[in-house]
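Residues per chain are reported as follows:
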Amino acid sequence: MSVPAVQNAQSPTPPASAAPPAPSSGTAPAASASGKTEPQAPQPKPQDASSQRCHTSMLSGSLQPGEPGAGQRYAELVLTNTSGETCNLYGYGGLQLIGADGRPLPTDLKRTPNPGPTLIRLAPGKSASATLHWTAVPHEGEPTDGQCQPTPVRAEVIPPDETEPLSVTWDLGEVCGFGSIDGSAYHS
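Report follows, based on the coordinates. Just so we're clear, the structure is a prediction, and the values are computed from it rather than from any experiment.

Secondary structure summary: the chain contains one helix and 11 strands in total. For the chain, buried positions account for 44% of its 188 residues. Residue pairs in contact within the chain that sit at least 24 positions apart in sequence constitute 77% of those at least 6 positions apart.

All right, on to empty space enclosed by the protein then. Inspection of every chain in the model, using the stated rule, returns two cavities of 30 Å³ or more. Of the voids in this model, the largest cavity is the one considered here, and its volume is about 90 Å³. Forming the walls of the largest cavity are 13 residues, and the residues nearest its centre are Gly 93, Leu 109, Ala 130, Leu 132 and Ser 184. The set of elements that each furnish at least two residues to the lining of the largest cavity consists of strand E5 (94-98), strand E6 (108-111) and strand E8 (127-135). The leading source of residues in the lining of the largest cavity is E6, at three residues. Among the residues forming the lining of the largest cavity, the class breakdown is seven nonpolar, four polar and two charged. The space that makes up the second largest cavity amounts to roughly 30 Å³.

Another point: the sheet that holds strand E11 (residues 180-183). An order of E2-E3-E8-E11-E6 is seen for the five strands of this open sheet, with the pairing classed as mixed. At either margin of the open sheet sits one strand with a lone partner, and together these are strand E2 (59-65) and E6. Taking the axes of each pair of neighbouring strands and ignoring which way they run, one obtains an average angle of 25° across the sheet. Pairing analysis gives two bridges linking E8 to E11, with the strands arranged antiparallel. Directly across from His 133, in E11, lies its bridge partner Asp 182.

Turning next to the environment of Gly 94. You can see Gly 94 is positioned in strand E5. Note: C-alpha distance between Gly 94 and Val 157 (63 residues apart in sequence) is 5.6 Å.

Now for the nonpolar core. Of all hydrophobic cores here, the largest spans 28 residues; its most connected members are Trp 170 and Ile 181. Mapped by element, the contributors of at least two residues to this core are E2, strand E3 (72-81), strand E4 (87-89), E5, strand E7 (120-122), E8, strand E9 (154-158) and strand E10 (166-169). With four residues, E8 is the single largest residue contributor to this core. Those residues in contact with Trp 170 that sit more than four places away from it in its chain are Leu 63, Leu 97, Leu 132, Trp 134, Pro 152, Val 153, Arg 154, Ala 155, Val 175 and Ile 181.

One ladder, built from seven bridges, connects E2 with E3; its direction is antiparallel. The partner of Gln 64 across the bridge, within E3, is Glu 76. The turn joining E2 and E3, which pair antiparallel and follow one another in sequence, is formed by six residues; a positive phi near 50° is taken by Ala 70.

Criteria and cut-off values
- Residues numbered from 1 in each chain as written.
- Predicted model: local features only at pLDDT ≥ 70, side-chain atom pairs only at ≥ 80, totals over all residues.
- Heavy atoms only, no water.
- Helix = DSSP H or I, 4+ residues; strand = E, 2+ residues; numbered from the N terminus.
- Buried < 20%, exposed > 50% of the residue type's maximum accessible area, 1.4 Å probe, protein only.
- Contact = heavy atoms within 4.5 Å.
- 1 Å grid on protein atoms, 1.4 Å probe; cavity = no way out; pocket = protein on both sides within 12 Å on 5 of 7 lines; lining within 4 Å.
- Points joined across faces, edges and corners; volume = space filled by probe spheres on them.
- Nonpolar A, V, L, I, M, F, W, Y, C, P; charged D, E, K, R; others polar.
- Pairing = 2+ DSSP bridges.
- Axes fitted to C-alpha atoms, helices over the stretch in contact; angles between N-to-C directions.
- Core = buried A, V, L, I, M, F, W, Y, C linked by side-chain atoms within 4.5 Å.

This is the structure in structure tokens:
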């Protein structure tokens, strides 16, 4: 199934050097419900020829809720290697919230620099996660009586360097701020 307006998750090709890159100060491409994304400057990444990158077909996903407080919400977006091969995961992924009717909801995933990208070798059965943060407090222009936005029932997740999404259940409530979510790079 093709899902429109999914955050771009492609990362640039790695340089020949195996040295880790310095953190980037660039901003993430912003995806809106209209599906438009803003380009971002490429980020170099280390190369490890001993294993391939993790393809969507090699992974499963889940969301682990964090500790909420004062209208703030947190979760770990976990990707697990379900294949029989070790693979590499590096960088940021994409995310699109989906409503109960199967339609995309407003989603604006913004990259945070902490933690930044590091090369993760995922052995079979091992996991890496990206830290997500959003608010449950309505922003200006959102309803203050009732829901600020429709509540997602799932999210389409695109692993780094991939274009095909995998679906995860979203049972973490609404995302105020017109679907604004801060997301880290994947980390172990």
